[in-house]
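So you can see what is in the structure, the chains are spelled out below.
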Amino acid sequence: MTRKTAAATSIKDDVVFYGKLSVEVLLYDLYQKDGFSVHQTDGQLPEVLIATLKTYVECNGKSAKTADKLYIHRNTLQYRFANIQHITGRDPRNVRDLFYLHATYVLFTSFKEQEDLIK
């Protein structure tokens, strides 16, 4: 399962440990069983906001580190978070909302587009 999930999320490592992808493995398992439904909102997030969310997750929810990695001012980051909340109705600064946004990203981007590779 971990190997298939790594392929679906475009991880290119030769050795993949479950601990590194445990959330993604859970989401993939739920995706395969159709027992978990994450609905996208009517509004699509622009690429810059998707990249912002992805970087925020990679930086473990640390705003200062995220702003530094994106080479933007922290106020710009807060403005982007406000835009994400306006479009999706979910605030990425809230842990539950961030999990929902991350799950949506993983399910609808990684797994859906890579489905042919994992079969």
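Up top is the structure.
If you're wondering where the values come from, they're calculated on a predicted model, not measured in any experiment.

Colleague: Any chance you could break down the overall build of the chain for me, citing the residues and the numbers?
Modeller: A tally of helices and strands in the chain yields six helices and zero strands. Within the chain, the proportion of its 119 residues that are buried is 36%. Entry remark: accessible area of the chain is about 7900 Å², with carbon and sulfur atoms responsible for 51%.

Colleague: Run through the pattern of salt bridges, naming residues and quoting values.
Modeller: Enumeration according to the criterion identifies three salt bridges in this entry. In this structure, Lys69 engages Glu58 in a salt bridge whose closest nitrogen and oxygen atoms are separated by 3.5 Å. On the criterion of sequence distance, the pair formed by Lys69 in helix H4 (residues 63-70) and Glu58 in helix H3 (residues 47-58) is long-range, its members being eleven residues apart. With a relative accessible area of 46%, Lys69 lands in the partly exposed category.

Colleague: Residues and numbers for the packing of aromatic side chains, please.
Modeller: Here the structure, examined in full by the defined rule, presents one aromatic pair. For the cation-ring pair, Arg90 lies above Tyr100, with the distance from its terminal atom to the ring centre recorded as 3.6 Å.

Colleague: Let's hear about the nonpolar core: which residues, and what values?
Modeller: With twelve residues, the main nonpolar core is built from Leu45, Leu49, Leu53, Tyr56, Ala67, Ile72, Leu77, Phe81, Ile84, Leu98, Tyr100 and Leu101. Those elements giving two or more residues to this core turn out to be H3, helix H5 (74-88) and helix H6 (95-118). When neighbours within four sequence positions are excluded, Ile72 is seen to be in contact with Ala67, Leu77 and Arg80.

Colleague: Quick one: what's the story with unusual backbone geometry, residue by residue and with numbers?
Modeller: Even without glycine at this site, Asn60 takes up a positive phi of about 55 degrees. As for its placement among the helices and strands, Asn60 is situated in the loop between H3 and H4. Its identity is not glycine, yet Tyr71 carries a phi of approximately 60 degrees, on the positive side. Within the secondary structure, Tyr71 sits in the loop between H4 and H5. For Tyr71, a relative accessible area of 76% corresponds to the exposed category.

What counts, and at which threshold
Residues numbered from 1 in each chain as written. Predicted model: local features only at pLDDT ≥ 70, side-chain atom pairs only at ≥ 80, totals over all residues. Heavy atoms only, no water. Helix = DSSP H or I, 4+ residues; strand = E, 2+ residues; numbered from the N terminus. Buried < 20%, exposed > 50% of the residue type's maximum accessible area, 1.4 Å probe, protein only. Areas by Shrake-Rupley, 256 points an atom, 1.4 Å probe, with all protein chains shown as cover. Salt bridge = Lys/Arg side-chain N within 4 Å of Asp/Glu carboxyl O. Phe/Tyr/Trp six-rings, centres within 6.5 Å; stacked < 30°, edge-to-face > 60°. Lys NZ or Arg CZ within 6 Å of the ring centre and 35° of its normal. Core = buried A, V, L, I, M, F, W, Y, C linked by side-chain atoms within 4.5 Å. Contact = heavy atoms within 4.5 Å.

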